[in-house]
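Examining the three-dimensional arrangement
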Amino acid sequence: MNNQHFVNKAFRIFVINSILSSAGVVLGTFVDAIILGNAFGAVGLSVLAVSMPIYAVYNLFGYAFGVGGSLRVSESIGAEDKDGVRSYFTQAVVFAAAVGVVIAVLGSLFLPTIIALTGGAGIASARDYMWPIVVMAPIFILAPVMSLLIRSDADPFLSTLGIGVSVAVNLVLDLIFIFGLKMGVFGGALAMIIGQLCAVFIYSLHFFKKHNHLKLSRTSLSPKAGAQLFQGGFGIASAFIYQGITLIVINNLLSVTAGGGGLGVYNILFNVSLFAYAIFDGISLALAPLVATFAGEKDTEGVYNTMGLSLKTAVLLSASCALALLIFAEPIASMFGVADNLPLVAQTIRIFAFGVVQTCFNCIMAHFYQTIKRPTLAGLIYFMRGLLLLVAFSAWFIPVFGVLGTALAMVAAETATMVILLIAALVIKKQGGYRNILLFREPIIAKDKLYETTLSSDIKELENCVVEIEAFCERLDIDSRNAYFINLTIEELATNIINFGFSDGKPHYIHIKIALFEEDIYIRLRDDSTSYNPFEEPEKPDEGLDYLGVSIVRKKAKSFAYNRTLVFNNLLIIL
């Protein structure tokens, strides 16, 4: 079984929480669209449509600093670099807040120009919705940054909880402000802001937890440091730049060809597409911390197993999503209160469904390439699908097919991107001698200098493990002193984990890896129990005798460390 159990369990936990988180983020604007559409008709939907480029800018910086910071944090945790974790966390939060303040100031000064640029010049109520959203820019940027960072620090549940609370608060306050207090579209904006503030509060609870790695520290806050962090997540976050540009282009094309009604129909399609994309983003955000951590641990098979699970899950969920959109297009369209344009909206949703699988594949591959430090390739994927091809097909199809052209352009752009990506990846694979189209640079670890196995909670399995380790040491001609300490380390730590960590009566596992790097011997143990650190001195008297062996390991090891990583306990010992 080796590491597969741990990959499966971590992926399952992260993907469920990540999909729920991504869906929650989208649900905020989705709820606004439903409520504004039912309350104010086409005008309400048009107001939301012209504000989407603003949200795209917030997502650009939120995800650039959030993804860049979380990838660096995950890799630093995997490499046991606590100083690096704190440095990257501090940079991500400070730079995100600073950019938010700048946007709030400039956005307030040039709001009329921004509204005109996004296609809202003729919509009187656009300013009522957009000015509070612009003023609170720092909160809208910090929220995704904090969500991604705490997820990378083994707290996906709190990330999901924060987003869930935000959506619930937004929905309740929308109903109160818009229908109860008659605050108009301003009430919708205010509800969204309070929801985001609640999310930030929930995320902040992570910093008071026992195993929190995310702490502010003195670090470089130079423009160069900010640019490097931004670049680390730009390949993924660039999608939001392109989203903002394409929204402006499509809004203006529709204003000419289909008027305000066309804008309203497109806003519905846009929100439906975001909800579908939330599934893909959830899978992508789940694989990112796992791949980054395994890469930091030089665990090649962990990287490949994670990506294999991601692609299988993506195919299943994207096909299910496409089928649901084809079958339930009318009920989905009717939620937005557009009885007059119901057939047209349903038809655009069905056309969009034919590009869902391609979109999912493109998103997963882009996130993976970004995570393994191929930002150029990730950026090219987003550039093609989000800007170049989408704008080209929109300019071609919208004048011919009207609003239906928006859906046709999305399908065409995703399909063309997938074909180009596969061809390019195959060429690079052949030229670079990679194992497959994932193009992962595998760390050079001789397999004959590596031992790994997985034990269940049955302590009898430990006896066979000890025999195998003795044979491993003998085969590599490891001197008797080091061979003795390797076995002592495994026996003492594994025994304590089984006896005291696996105390809930449920099935549990320990993954053991021994690797030789130059003159050092690295031993890593990972278990799936609740938080348990065998290096801590016991408080209970009956654990004292068992701790004696562990104390010997602590004294003889060059270094040792415990971390709660990827919802698992991780021990690293260097002899």
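Now for a description of the structure that goes with this document. (Residues numbered from 1 in each chain as written. Predicted model: local features only at pLDDT ≥ 70, side-chain atom pairs only at ≥ 80, totals over all residues. Heavy atoms only, no water.)

On a plain count of helices and strands, the protein chain comes out with 19 helices and 5 strands. The C-alpha radius of gyration computed for the protein chain amounts to 26 Å, which stays within 12% of the reference 25 Å derived for 575 residues, consistent with globular compactness. Counting over 575 residues, the protein chain shows a buried share of 58%. Restricting the contact set of the protein chain to residue pairs at least 6 apart, pairs at least 24 apart contribute 78%. About 23400 Å² of surface is accessible on the protein chain, with carbon and sulfur atoms providing 65% of the total. Taken as two groups, the 38 positive and 41 negative side-chain charges of the protein chain have centres that lie 6 Å from each other. (Helix = DSSP H or I, 4+ residues; strand = E, 2+ residues; numbered from the N terminus. Rg over C-alpha atoms; globule rule 2.2 N^0.38 Å. Buried < 20%, exposed > 50% of the residue type's maximum accessible area, 1.4 Å probe, protein only. Contact = heavy atoms within 4.5 Å. Areas by Shrake-Rupley, 256 points an atom, 1.4 Å probe, with all protein chains shown as cover. Lys, Arg positive; Asp, Glu negative; His and termini not counted. Charge placed at Lys NZ, Arg CZ, Asp CG, Glu CD.)

Throughout the structure, instances matching the rule amount to 17 aromatic pairs. Ring geometry for phenylalanine 61 versus phenylalanine 230: centroids 5.7 Å apart, planes at 45°, classification tilted. Linking phenylalanine 61 in helix H2 (residues 42-78) with phenylalanine 230 in helix H9 (residues 223-257), this pair joins segments that are 169 residues apart in sequence. By relative accessible area, which is 19% here, phenylalanine 230 ends up buried. Cluster of aromatic residues (ring-pair linked, three or more members): Phe61, Phe65, Phe95 and Phe230. (Phe/Tyr/Trp six-rings, centres within 6.5 Å; stacked < 30°, edge-to-face > 60°.)

Moving on, we get to a nonpolar patch on the surface. Together, Val101, Val102, Val105, Leu106, Leu109 and Phe110 give the surface a local cluster of nonpolar side chains, amounting to about 560 Å² of exposed area. For valine 105, the position within the fold is in helix H3 (residues 82-109). (Patch = residues over 30% accessible without salt bridge, like charges linked within 9 Å, V, L, I, M, F, W, Y side chains within 5 Å. Salt bridge = Lys/Arg side-chain N within 4 Å of Asp/Glu carboxyl O.)

One can describe the packing of H2 onto helix H6 (residues 137-152) by two numbers: an axis separation of 8 Å at closest approach and a directional angle of 25°. One element, H2, and the other, H6, form an angle in the roughly parallel class. Crossing of H2 over H6 shows right-handed handedness. Of the residues that constitute the contact of H2 with H6, the class distribution is 15 nonpolar, 6 polar and no charged. (Axes fitted to C-alpha atoms, helices over the stretch in contact; angles between N-to-C directions. Parallel < 35°, antiparallel > 145°, perpendicular 65-115°, else oblique. Left-handed = near helix turned anticlockwise from the far one by under 90°. Nonpolar A, V, L, I, M, F, W, Y, C, P; charged D, E, K, R; others polar.)

Now for the pattern of salt bridges. This structure, assessed with the given rule, holds 5 salt bridges. Here lysine 9 makes a salt bridge to aspartate 528, at a shortest N to O gap of 3.7 Å. Within this pair, whereas lysine 9 is found in helix H1 (residues 4-40), its partner aspartate 528 is found in the loop between strand E3 (520-527) and helix H19 (544-556), the two being separated by 519 residues in sequence. With relative accessibility at 4%, the residue aspartate 528 sits in the buried group. As a salt-bridge pair, arginine 350 and glutamate 330 come within 2.6 Å of each other at their nearest N and O atoms. Of this pair, arginine 350 sits in helix H13 (residues 342-353) while glutamate 330 sits in helix H12 (residues 329-334), placing them 20 residues apart in sequence.

This model, assessed by the stated rule, comprises 3 cavities of 30 Å³ or more. Taken as a whole, the second largest cavity spans an internal volume of roughly 70 Å³. Along its surface, the second largest cavity is lined by Val67, Ser70, Leu71, Leu148, Arg151, Ser152, Leu285, Ala288 and Pro289. The set of elements that each furnish at least two residues to the lining of the second largest cavity consists of H2, H6 and helix H10 (259-296). In terms of residue class, the lining of the second largest cavity is built from 6 nonpolar, 2 polar and 1 charged. (1 Å grid on protein atoms, 1.4 Å probe; cavity = no way out; pocket = protein on both sides within 12 Å on 5 of 7 lines; lining within 4 Å. Points joined across faces, edges and corners; volume = space filled by probe spheres on them.)

With a phi angle near 65°, lysine 373 is a residue other than glycine that sits in the positive phi range. Among the secondary structure elements, lysine 373 is positioned in the loop between helix H14 (356-371) and helix H15 (375-401). The exposure class of lysine 373 is exposed, given its relative accessible area of 57%.

The next thing to look at is the sheet that holds E3. Across the sheet, which stays open at both edges, the 5 strands sit in the order E1-E2-E3-E5-E4 with antiparallel pairing between neighbours. Looking at strand neighbours, the two that pair on one side only are strand E1 (450-456) and strand E4 (559-565), the edges of this open sheet. Geometrically, the sheet is characterised by an average inter-axis angle of 15° between neighbouring strands, direction not taken into account. Inspection of the sheet shows strand E2 (residues 509-517) paired to E3 by 8 bridges, in the antiparallel sense. Bridged to lysine 513 within E3 is arginine 524. Those strands touched by helix H17 (residues 460-475) are E1 and E2, and its axis lies near 175° from that of E1. (Pairing = 2+ DSSP bridges.)

Looking at where alanine 314 falls in the secondary structure, it is placed in helix H11 (residues 300-327). Along the primary structure alanine 314 and serine 284 are separated by 30 residues, whereas in three dimensions their C-alpha atoms are 9.2 Å apart. Filtering out sequence-adjacent residues up to four positions away, alanine 314 remains in contact with Ile283, Cys360 and Ile364.

Right, let's get into the nonpolar core. General note: in soluble globular proteins, nonpolar side chains tend to be found buried as a group. By size, the foremost hydrophobic cluster in this structure holds 159 residues, and its most contacted members are Tyr58, Tyr129, Ile133, Leu325, Phe368 and Tyr369. In terms of residue count, the dominant contributor to this core is H10 (22 residues). Excluding anything up to four places from it in sequence, tyrosine 129 contacts Asp32, Leu36, Val47, Leu48, Ser51, Tyr55, Val185, Gly188, Ala189 and Met192. The next biggest cluster of nonpolar side chains, apart from the first, holds 34 residues, and it includes Phe472, Leu493, Ile498 and Val550. (Core = buried A, V, L, I, M, F, W, Y, C linked by side-chain atoms within 4.5 Å.)

What follows deals with the pairing of E1. Burial runs high along E1: 5 of the 7 residues are buried. Sheet analysis places E1 next to E2, joined by 7 bridges and oriented antiparallel. Within E2, the residue paired with leucine 450 across the bridge is alanine 515.

To continue, consider the packing of H14 against H15. The N-to-C vectors of H14 and H15 enclose an angle of 155°; their axes lie 7 Å apart at closest approach. By the angle between their directions, the pair H14 and H15 is classed as roughly antiparallel. Relative to H15, H14 is oriented so that their crossing is left-handed. On H15, the residues that touch Thr359, Asn362, Cys363, Met365, Ala366, His367, Tyr369 and Gln370 of H14 are Pro375, Leu377, Ala378, Ile381, Tyr382 and Arg385. Classifying every residue of the contact of H14 with H15 gives 9 nonpolar, 4 polar and 1 charged.

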